[in-house]
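Structural characterization, general
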Amino acid sequence: MKIYNKKNFWIGIYFILLAAALFAIGFQKGFSLKDILLIFLCFVIGACGLMRSFSKELSRKDQLLDLDERNRLILLKSSSRANCVTQVGSIICMGVFFGISLATGAELMRGAGIGACVCLALSLWGEFFARLYYEKKN
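Starting from 1, residues in each chain are numbered consecutively following that chain's sequence as written. Where totals are concerned, whole chains, interfaces and linings use all residues; where local detail is concerned, this predicted model gives features only for residues with pLDDT of at least 70, and gives and counts side-chain atom pairs only at 80 or more. Neither water nor hydrogens contribute to the side-chain values; these are computed over all heavy atoms in the structure.

Okay, the overall build of the protein next. Counting its regular elements, the protein contains 5 helices and 0 strands. Strands are runs of DSSP state E lasting at least 2 residues, helices are runs of H or I lasting at least 4, and numbering of each runs from the N terminus. Reading the secondary structure of the protein in the N-to-C direction produces α-α-α-α-α. Throughout, the radius of gyration refers to the C-alpha atoms, and the reference size of a globule is 2.2 Å times the residue count to the power 0.38. A globule of 138 residues ought to have a C-alpha radius of gyration of about 14 Å, yet the protein, at 22 Å, is considerably larger. For the protein, the C-alpha atoms occupy an extent of roughly 60 × 55 × 20 Å along the three principal directions. Remark: exposure states derive from per-residue accessible area (1.4 Å probe, protein chains only) relative to the maximum for the residue type, with buried under 20%, exposed over 50%, and partly exposed in between. Residues counted as buried form 16% of the 138 residues belonging to the protein. In this tally Asp and Glu are treated as negative and Lys and Arg as positive; neither His nor the chain ends contributes. A single reference atom marks each charge: NZ on Lys, CZ on Arg, CG on Asp, CD on Glu. Averaging the coordinates of the 17 positive side-chain charges in the protein and doing the same for the 9 negative ones gives two points 3 Å apart.

This is the structure in structure tokens:
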């Protein structure tokens, strides 16, 4: 069998391995209805991903959808919005954690505030370097 779409292939493998891991954990701890549904869902998603990666026609459709300008614009907008939400969320968490730390003197909250600062810094640096890369590329 030939793999026509490596991205779908690896997504399928990931979800099948996730289903296997959930099955192993459920086998040790016992299954609930939620666990069985989650295992089934992961297995079905993985199997569909593998089927789409082995089919030439379905892989061609997936690649055309990936290259479609509307889909790329939606991906760009959603990624940008997610980055903004991460930055605002980090600022809010940072303020809350540092405020609690100042009010109660809890060292743990100060550490959580520093963690939010690191998350914000990573997000800002990532945005900065991405802009540099794309400005230089265009």
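Structure's up, so let's keep going.
Here we come to the environment of L65. Within the secondary structure, L65 sits in helix α3 (residues 56-67). Owing to a relative accessible area of 49%, L65 belongs among the partly exposed residues under this scheme. Sequence separation between L65 and M109 is 44 residues, and the spatial gap between their C-alpha atoms is 45 Å.

All right, on to helix α2 (residues 33-54) then. By definition here, a helix of n residues has an expected span of 1.5 Å times n minus one. For α2, with 22 residues, the first-to-last C-alpha span of 32 Å sits near the 32 Å given by 1.5 Å per residue. Within the span of α2, buried status applies to I39, C42, G46, G49, L50 and S53. When α2 is viewed along its axis, its buried side chains cluster within an angular range of 100° and face the same direction. Across from the buried face of α2, at angles greater than 90 degrees, the exposed residues are L33, L37, F40 and M51. Where α2 is buried, its residues meet α1 (6-29) and α3. In this description, one arc is meant: the one made by directions from the helix axis to the C-beta atoms. Throughout, a residue-residue contact means that at least one pair of heavy atoms, one from each residue, lies within 4.5 Å.

Right, let's talk about the packing of α1 against α2 for a bit. Helix-helix packing: each pair is described by the crossing angle between the helix axes and the interaxial distance. Interaxial angles span 0 to 180 degrees and are taken between N-to-C directions of axes, which are lines fitted to C-alpha atoms, for helices over the stretch in contact. Where α1 contacts α2, the two axes come as close as 7 Å, and the packing angle between them is 155°. The angle between α1 and α2 places the two elements in the roughly antiparallel class. In this structure, the crossing between α1 and α2 has a hand that is left-handed. Counted together, N8, F9, G12, I13, F15, I16, L18, A19, L22 and F23 of α1 and L38, I39, C42, F43, I45, G46, A47, G49, L50, R52, S53 and F54 of α2 form the full contact between these two elements. Looking at the contact of α1 with α2 residue by residue, the class counts come to 16 nonpolar, 5 polar and 1 charged. Note on angle classes: values under 35 degrees are labelled roughly parallel, values over 145 roughly antiparallel, values of 65 to 115 roughly perpendicular, and the remainder oblique. The crossing is said to be left-handed when, going from far helix to near helix, the turn is anticlockwise and less than a right angle, and right-handed when the turn is clockwise. Residue classes follow a fixed rule: Ala, Val, Leu, Ile, Met, Phe, Trp, Tyr, Cys and Pro count as nonpolar, while Asp, Glu, Lys and Arg count as charged, and any other residue, Gly among them, counts as polar.

The next subject is the environment of M1. In this fold, M1 is placed in the segment before α1. Expressed as a C-alpha distance, the spacing of M1 and F54, which sit 53 residues apart in the sequence, is 6.8 Å.

Right, let's talk about the packing of aromatic side chains for a bit. When the centres of two rings from Phe, Tyr and Trp lie within 6.5 Å, Trp using its six-membered ring, the rings pair. Their planes under 30 degrees apart give stacked, over 60 give edge-to-face, and anything left gives tilted. All chains considered together, the criterion is met by 9 aromatic pairs. Ring centres of W125 and F129 lie 5.6 Å apart, and the angle between their planes is 25°; this geometry places the pair in the stacked category. Taken together, the residues span about one helical turn, with W125 and F129 both in helix α5 (residues 107-137) at a distance of 4 residues. An angle of 80° between the planes, with centres 4.9 Å apart, marks the rings of Y133 and Y134 as edge-to-face. Members of the aromatic cluster, connected to one another through ring pairs, are F9, W10 and F54.

With respect to the secondary-structure elements, A121 resides in helix α5. Along the sequence, A121 and Q28 sit 93 residues apart, while their C-alpha atoms lie 41 Å from each other.

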